[in-house]
Amino acid sequence: MKKHRLLALIISCLLLTGCTVDYNVEIKNDNTVNENIMLNGQKVNSNKEFQKIKKEIKNQISNTLNKYEYQYNIKNENNSVVVEINKNSNFEILLSNSLYNEFFEDYELFVNKGIKTFKNTGTNYLAELFVTKNYEQDLKVEKEVDVLNVNIKFENIVTEHNADKYDEKTNTYTWIFTENDIQKTINFSYDTDQLFEKEKKFSFDNIGIIIGIILLIIVIFITSFIFIYRKKDEL
């Protein structure tokens, strides 16, 4: 049984309801991993109010964040309390001592002929994020989280996946979790020997540059032709 639910705890501290959470993970070719999550919380009317809330949040989450060796920053942006959490580690630490490990317990991880494969197995712990809470003597019902997006960006070519969305420009795969499909799994395989290369497409700027170069060559050619022709006439 899990002892901590870090993300649910932070959301509760921020008094968020009905929000969308983006949990971003970048897996690099050298097996290093970058994690990032940013949560926007309640509005504040003064710096005094912000400092009070900041202190409350730190008291609630510091021990757990330190346990997972996260760096975090609580700041006031446009009169809203913002919590940003970051960590640089490696793939193995991601699966054993991280926010990711807060969501999912068991997994399979193996490498075969340069293809690294990851599969979630067993129980996940997303239910608390989508818990329904009653407010104002049951007159109003709100959820802490509407949607959790797990966004994983790969530096290598992905060979198989079961993601819900794919951004071909950034090679980012997104798994979308709601209260109706919390038992969804995250499965993917990637080639440890092949890097993803962003497809190069001509933009209007590139086309303009090419046209400009062609026109310049034509102008130079015509100018040279006229100069040589006049020289011949003089002779």
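It should be noted that the structure appears before, not after, this text.
Small disclaimer: the values here were computed from a predicted structure and weren't measured.

A. Just the overall build of the chain, in detail. Across its full length, the chain holds five helices and 13 strands. Considering the chain as a whole, with its 235 residues, one finds that 35% of them fall into the buried category. Put simply, of all contacts in the chain between residues at least 6 apart along the chain, 62% involve residues at least 24 apart. For the chain, the accessible area works out to roughly 14,700 Å², and carbon and sulfur atoms hold 51% of it.

B. Region of interest: the sheet that holds strand E3 (residues 71-77). One open sheet holds the seven strands; their spatial order is E3-E4-E2-E1-E9-E12-E11, and the pairing between them is mixed. Looking along the sheet, the strands with just one partner apiece sit at the ends: E3 and strand E11 (165-167). In this sheet, neighbouring strand axes are inclined to one another by 20° on average, regardless of whether the strands run parallel or antiparallel. Sheet topology places strand E2 (residues 32-43) next to strand E4 (residues 80-90); ten bridges connect them, and they run antiparallel. Within E4, the position partnered with Val-33 by the bridge is Ser-89. Along the sheet face, helix H2 (residues 47-67) touches E2, E3 and E4 and points at about 165° away from the line of E3.

C. A look at the nonpolar core. Ranked by internal contacts, the top residues of the largest apolar core, which has 45 residues, are Tyr-23, Leu-148, Ile-186 and Phe-188. Not counting residues within four places of it along the chain, the set of residues in contact with Leu-148 comprises Val-21, Tyr-23, Phe-103, Leu-126, Leu-129, Phe-130, Trp-175, Ile-176 and Phe-177.

D. Layout of the packing of aromatic side chains. Counted by the stated rule, this structure contains twelve aromatic pairs. Arranged with centres 6.3 Å apart and planes meeting at 85°, the rings of Phe-91 and Phe-118 form a pair that is edge-to-face. Of this pair, Phe-91 sits in helix H3 (residues 91-96) while Phe-118 sits in strand E6 (residues 115-124), and the two are 27 residues apart along the sequence. Among the aromatic residues, ring-to-ring pairing joins Phe-91, Tyr-100, Tyr-107, Phe-118, Phe-154, Tyr-166, Tyr-173, Trp-175, Phe-188 and Tyr-190 into one connected group. Here Lys-87 stacks its cationic end above the ring of Tyr-70, 5.0 Å away from the centre of that ring. A cation over an aromatic ring shows up here: Lys-116 above the ring of Phe-91, its NZ or CZ 5.0 Å from the ring centre.

Thresholds applied
Residues numbered from 1 in each chain as written. Predicted model: local features only at pLDDT ≥ 70, side-chain atom pairs only at ≥ 80, totals over all residues. Heavy atoms only, no water. Helix = DSSP H or I, 4+ residues; strand = E, 2+ residues; numbered from the N terminus. Buried < 20%, exposed > 50% of the residue type's maximum accessible area, 1.4 Å probe, protein only. Contact = heavy atoms within 4.5 Å. Areas by Shrake-Rupley, 256 points an atom, 1.4 Å probe, with all protein chains shown as cover. Pairing = 2+ DSSP bridges. Axes fitted to C-alpha atoms, helices over the stretch in contact; angles between N-to-C directions. Core = buried A, V, L, I, M, F, W, Y, C linked by side-chain atoms within 4.5 Å. Phe/Tyr/Trp six-rings, centres within 6.5 Å; stacked < 30°, edge-to-face > 60°. Lys NZ or Arg CZ within 6 Å of the ring centre and 35° of its normal.

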